[in-house]
Amino acid sequence: AQTVTQSQPEMSVQEAETVTLSCTYDTSESNYYLFWYKQPPSRQMILVIRQEAYKQQNATENRFSVNFQKAAKSFSLKISDSQLGDTAMYFCAFRGRGNTPLVFGKGTRLSVIA
Amino acid sequence: NAGVTQTPKFRVLKTGQSMTLLCAQDMNHEYMYWYRQDPGMGLRLIHYSVGEGTTAKGEVPDGYNVSRLKKQNFLLGLESAAPSQTSVYFCASSYSRASGNLEQFFGPGTRLTVL
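Turning to the environment of tryptophan 36 of chain A, a few remarks are in order. Residue and element names in this part refer to chain A. Summarising the element assignment, tryptophan 36 is placed in strand E5 (residues 33-39). For tryptophan 36, a relative accessible area of 0% gives the class buried. Between the C-alpha atoms of tryptophan 36 and isoleucine 49, which are 13 residues apart in sequence, the distance is 5.5 Å.

What follows is the structure, given as structure tokens:
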């Protein structure tokens, strides 16, 4: 079974600075999909960014980018120019081949400090 | 489009009581999911459905039952609630993988407290 590990339960960053959230996963599959979800205090789950394992190029979405290291099974999220609205729980998630549901990590609580 | 909606948003039960959580989606998605979120545990899959009339167990299915009688609805039932089922419950839906769109869309969550 696949597992997703987020080793940083909490992090903080100064406004306008850059922060990187870590995620590692374990799988025997060669083709799969990785996601970062954001959960602000409103509790709503919001997709931030996704990466397809067969693509070598790292995904980017505005201030959010990933560092995908397939051999190391690592999928970190970088947030540039952090804003107060980035304060949230961030979940890393894995989806394998076939009709498999998402497997989530335990989350990292990020606080952006003014 | 309303997206994914959940009813109710909050509920307090006494141990042994039963209840049903309703999830509805208007995006014609094939797949629907029920997760629970507990502090420090992330989201864990309870049950899911890959189509009308089909359901499957997830990681933590004990104490829950589900039904998918209509494509747009996915019901989560607690027959005899226990304090260990105090949690926030999320419903999600997605297209089948054949569509190429892999995103799961989440509802706003239901906070359930069992006393």
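Moving on, there is more to tell.
Under the defined criterion, the tally for this structure stands at 15 aromatic pairs over all chains. Consider the rings of tyrosine 37 of chain A and phenylalanine 104 of chain A, whose centres lie 5.9 Å apart with planes at 55°: the pair is tilted. Of this pair, tyrosine 37 of chain A sits in strand E5 while phenylalanine 104 of chain A sits in strand E11 (residues 103-104), and the two are 67 residues apart along the sequence. Each member of the pair tyrosine 37 of chain A and phenylalanine 104 of chain A is classed as buried. Three or more aromatic residues joined by ring pairs make a cluster, and in this case those are Phe35, Tyr37, Phe91 and Phe104 of chain A together with Tyr33, Tyr35, Tyr48 and Phe106 of chain B.

A separate point is the nonpolar core. Tyr25, Trp36, Phe75, Leu77 and Tyr90 of chain A are the most contacted members of the largest nonpolar core, which has 25 residues in total. The set of elements that each furnish at least two residues to this core consists of strand E3 (19-21), E5, strand E6 (46-52), strand E8 (64-69), strand E9 (74-79), strand E10 (88-95) and strand E12 (108-113) of chain A. The biggest single contributor to this core is E10 of chain A, with 4 residues. Contact partners of phenylalanine 75 of chain A, with chain neighbours within four places excluded, come to Cys23, Tyr25, Leu34, Phe35, Trp36, Gln51, Val66, Asn67, Phe68 and Cys92 of chain A. In terms of nonpolar packing, the next biggest core, distinct from the first, is built from 21 residues, Met45 of chain A together with Tyr33, Tyr48 and Leu102 of chain B among them.

Here the focus is the interface of chain B and chain A. Between chain B and chain A, the contact holds 27 residues from the first and 20 residues from the second. Approximately 2,000 Å² of surface area, both sides summed, lies buried where chain B meets chain A, with 52% of it carried by carbon and sulfur atoms. Counting every contact that joins chain B to chain A gives 0 salt bridges. At the boundary of chain B and chain A, one finds 5 residue pairs in polar contact (both at pLDDT 80 or more). For the side of chain B that touches chain A, the elements supplying multiple residues, two or more each, are strand E4 (31-38), strand E5 (42-51), strand E9 (87-94) and strand E11 (110-114) of chain B. Of the residues assigned to the side of chain B that touches chain A, the class counts are 14 nonpolar, 9 polar and 4 charged.

Reading the values: rules and limits
Residues numbered from 1 in each chain as written. Chains lettered and ligands numbered in written order. Predicted model: local features only at pLDDT ≥ 70, side-chain atom pairs only at ≥ 80, totals over all residues. Heavy atoms only, no water. Helix = DSSP H or I, 4+ residues; strand = E, 2+ residues; numbered from the N terminus. Buried < 20%, exposed > 50% of the residue type's maximum accessible area, 1.4 Å probe, protein only. Phe/Tyr/Trp six-rings, centres within 6.5 Å; stacked < 30°, edge-to-face > 60°. Core = buried A, V, L, I, M, F, W, Y, C linked by side-chain atoms within 4.5 Å. Contact = heavy atoms within 4.5 Å. Buried area = accessible area lost by both parts, 1.4 Å probe. Salt bridge = Lys/Arg side-chain N within 4 Å of Asp/Glu carboxyl O. Polar contact = N/O pair within 3.5 Å; in protein donor to acceptor, adjacent residues only side chain to side chain. Nonpolar A, V, L, I, M, F, W, Y, C, P; charged D, E, K, R; others polar.

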